[in-house]
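Here are the chains, one letter per residue:
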Amino acid sequence: MTAAFKPGSAVEPTQLIDLAISCRNLPDCDVFSKSDPMCVIYLKTLERDKWHEICRTEIIENNLNPDFTTKVRIVYRFEIQQNLKFEVYDVDSTSTDLRAHDFLGDCETTVGHLVSNVHVKLTLRNSYNRGQVLVTAEECGVNKDEVTLTFHGRHLDRKDWFGSSDPFLELWKVFENGHYGIVHRTEVVKWNLNPRWKCFTLPIHTLCGNDMDRDILIKCYDWNRSGNHSFIGEFHATLNMLSKGPGPETVFQCINPNKKHKPNYANSGEIVLMGYSVRTVYSFLDYIMSGTQINCSVAIDFTASNGDPTLPDSLHFISNNPNSYELALSAVVEIIQDYHATKQFPVLGFGARLPPNGMISHEFYVNLHPTDPYCYGAQGVVEAYKNCIRQVQLYGPTNFSPVINHVARFAATYTDGSQYFILLIITDGVITDMEHTKSAIVAASALPMSIIIVGVGQADFSAMEELDADTVPLVSRGRKAARDIVQFVEFSRFLGPHGRGHGAAAKLELAKEVLAEIPDQLVGYMKSQNITPLSARAPPLE
């Protein structure tokens, strides 16, 4: 599954996982020698719900405790559950047909379980009652560094007849075929022949394909409203040259090739490097594989607008076929549970009247336990929800802020990178405490927390797009969100015409969409707080 080699391209940083496989205490099926083991690895997802072979290790002769050199490379995807199966055989011939060899046992796990535990021992299922498969997950090596650069110009050419120039820079990298492609454009500094551009940050792989000596062409233009910008000049550099930092060697002559042969032409000004720094950008897997735990809390809408749960047209109707709430709950929790050691999930409800006295609550435990909100695994969450429906009275209104503040209080106690919190809200209606909700989200945006809102039913969810804030940052009472932490998805889009659709397919598509932003949001929080993974931190001085 290694990406194809493409001349003239740079390797993109991908979430590729290498699995190292060993076996211990294998059964011995040979009479006069030890077994000759080989491991066959299979992958299965909801997208492809049958096991398909992805790799075979080499054969190690006469060894009941083999360490295979063959690495299994997998494209890691947080948003779906990737199931793995390992089958071990004693190879007795050169046949590629596995039926020709002695079966020593098999075992199963998930990719999520492997990356969150790093080192995993799995027990083989066989008639011998012996044997283990040891799996170690490691992210494939890529350059994770990014460079921050600051430039300013000196004595640039005047291009406007009745004013000064409005200069900006463009950075172009060269590909192996000799063609250049733009990688960055600075802001325009108006009316200034000695501009100071803001610092900017680029991944090193983007800037030079991880080649410190690859040519970088930097062009300077005078901005024109028409879009026909006037060329001022250019120069060439490499990241090795820029890495020397500010100084005489990083003052570059800005040359216009059309002018350099003219008498008395020296240059069109100078571009001066004012700042250079490099830092490592860690990936989602760096944090997970160093021990960061993902905690998922669930909040369920029990307001009366869902309809009478005893009637088939209610969104909370319980039958042999899972309703939208059940599908949404299991879709997300089945993925998240691989990343939490205890698989215990607090499940909250809002908008219901509770037994025995009919008290209205917007922050109650769905299992109706007075002090313990936890449910075990995806199945436990769904069962608690189904049991709750039969005991509470749907009421209202639809207030989100209590459950957001509830989870935020826990997130505020774990700001060191050891924990990250996800709040899954499943709702059928328009928020009735919009201003309080916006304020709660803005406050939570500085915490290790993400919020997933799944809208079920056919209500008008247009107000949810404001909370999603993909294009316009969320603002409440003059305070802007530190980062985008909300993802809203309308579940009906996955159910097909008239709300009908295949349950497994709908769950798959929902999980992919609602969880796809979580890795970037987690990394965004860590980066904003300058938190490095535990494995990258210097050991304490003794």
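Residue indices begin from 1 for each chain and proceed along its sequence in written order. Only residues with pLDDT of at least 70 are given local features in this predicted model, and only at 80 or more are side-chain atom pairs given and counted; all residues enter the totals for whole chains, interfaces and linings. With hydrogens and water excluded, all non-hydrogen atoms of the structure serve as input to the side-chain values.

A word on the nonpolar core
- Grouped together as the largest cluster of nonpolar side chains are 90 residues, with contacts concentrated most on Phe-86, Val-115, Phe-302 and Val-454.
- Ignoring any residue separated from it by four or fewer positions in sequence, one finds Val-454 in contact with Ala-328, Leu-424, Ile-425, Ile-426, Thr-427, Val-489, Phe-491, Leu-510 and Val-514. Nonpolar cores are built from buried Ala, Val, Leu, Ile, Met, Phe, Trp, Tyr and Cys residues. Side-chain atoms within 4.5 Å join them into one set. Think of it in three bands: residues with accessible area under 20% of the maximum for their type are buried, residues over 50% are exposed, and the middle band is partly exposed, with areas taken using a 1.4 Å probe on protein chains only. Residues are treated as being in contact if the distance between any of their heavy atoms lies within 4.5 Å.

Some points on the sheet that holds strand β20 (residues 359–361)
- Spatial strand order, β20-β19-β23: three strands in an open sheet with antiparallel pairing. A strand with exactly one partner marks an edge of an open sheet, and here the two such strands are β20 and β23 (393–394).
- Note: strand β19 (residues 352–354) against β20, three bridges, orientation antiparallel. Bridging across to β20, Arg-353 finds its partner in Ile-360. Being paired, for any two strands, means DSSP has found at least two bridges between them. Numbering of helices and strands runs from the N terminus; a helix is a DSSP stretch of H or I covering at least four residues, while a strand is a stretch of E covering at least two.

Notes on the environment of His-236
- Its location among the elements puts His-236 in strand β14 (residues 230–237).
- For the pair His-236 and Gly-417, spaced 181 residues apart in sequence, the C-alpha separation works out to 41 Å.
- Excluding residues within four positions of it along the chain, His-236 makes contact with Tyr-180, Asp-215, Ile-216, Leu-217, Met-241 and Phe-252.
- In protein, a polar contact requires one atom able to donate a hydrogen and another able to accept it; more generally it is a pair of N or O atoms within 3.5 Å, and residues adjacent in sequence count only if both atoms are side-chain atoms. A polar side-chain atom of His-236 sits 2.8 Å from a polar atom in the side chain of Asp-215.

Re the packing of helix α5 (residues 324–336) against helix α6 (residues 377–389)
- For helices, the axis comes from a line fit to the C-alpha atoms of the stretch in contact; other axes are also lines fit to C-alpha atoms, and the angle between any two N-to-C directions lies between 0 and 180 degrees. For the pair α5 and α6, interaxial distance at closest approach is 8 Å and the crossing angle is 155 degrees. By the angle between their axes, α5 is roughly antiparallel relative to α6. You can see that α5 and α6 cross each other, and the crossing is right-handed. Contacts between α5 and α6 involve Tyr-325, Glu-326, Leu-329, Ser-330, Val-333 and Glu-334 from the first element and Gly-377, Ala-378, Val-381, Val-382, Tyr-385 and Lys-386 from the second.
- Here the term charged refers only to Asp, Glu, Lys and Arg, the term nonpolar to Ala, Val, Leu, Ile, Met, Phe, Trp, Tyr, Cys and Pro, and the term polar to all other amino acids, Gly among them. Looking at the contact of α5 with α6 residue by residue, the classes come out as seven nonpolar, two polar and three charged. Roughly parallel refers to an angle under 35 degrees, roughly antiparallel to one over 145, roughly perpendicular to one between 65 and 115, and oblique to any angle outside these ranges. By the definition used in this description, the sense in which the near helix is turned from the far one sets the handedness, with an anticlockwise turn below a right angle giving left-handed and a clockwise turn giving right-handed.

Regarding the sheet that holds strand β13 (residues 216–222)
- Here we have four strands laid out as an open sheet, ordered β11-β10-β13-β14, and antiparallel in their pairing. Because the sheet does not close on itself, it has two edges, and the strands there are β11 (180–185) and β14. Each strand of the sheet is rotated relative to its neighbour by a mean of 30 degrees, with strand direction disregarded.
- Here seven bridges tie strand β10 (residues 167–174) to β13, and the two strands are oriented antiparallel to one another. The residue of β13 that forms the bridge with Trp-172 is Leu-217.

Looking at the packing of aromatic side chains
- Pairing of aromatic side chains here covers Phe, Tyr and the six-membered ring of Trp, requires ring centres within 6.5 Å, and sorts the geometry by plane angle: under 30 degrees stacked, over 60 edge-to-face, intermediate tilted. For the structure shown, the criterion picks out 15 aromatic pairs.
- Judged by centre distance (5.2 Å) and plane angle (50 degrees), the rings of Phe-78 and Tyr-339 are tilted. Placement of Phe-78 in the loop between β4 (72–75) and β5 (83–90) and of Tyr-339 in the loop between α5 and β18 (344–350) is noted, with a sequence separation of 261 residues between them.
- Given the relative accessible area of 3%, Tyr-339 is considered buried.
- Residues Tyr-89 and Phe-103 carry aromatic rings whose centres are separated by 5.6 Å and whose planes lie at 65 degrees to one another, so their mutual orientation is edge-to-face. Of this pair, Tyr-89 sits in strand β5 while Phe-103 sits in strand β6 (residues 102–110), and the two are 14 residues apart along the sequence.
- Grouping aromatic residues by their ring pairs yields a cluster made of Tyr-76, Phe-78, Phe-284 and Tyr-339.
- Geometrically, a charge over a ring is one whose NZ (Lys) or CZ (Arg) sits within 6 Å of the ring centre while staying within 35 degrees of the ring normal. Above the face of the Tyr-42 ring, Lys-85 is positioned so that its terminal group lies 5.4 Å from the ring centre.
- Sitting over the ring of Tyr-395, Arg-353 keeps its end group 5.3 Å from the ring centre.

Section: α6
- Over its 13 residues, α6 extends 19 Å from the first C-alpha to the last, a length consistent with the 18 Å expected when each residue adds 1.5 Å.
- Residues Gly-377, Ala-378, Val-381, Val-382, Ala-384, Tyr-385, Lys-386, Cys-388 and Ile-389 constitute the buried set of α6.
- Residues of α6 that are buried sit in contact with β17 (293–301), α5, β18, β21 (364–365), β22 (374–376) and β23. Helix span, expected: 1.5 Å multiplied by one less than the number of residues in the helix.

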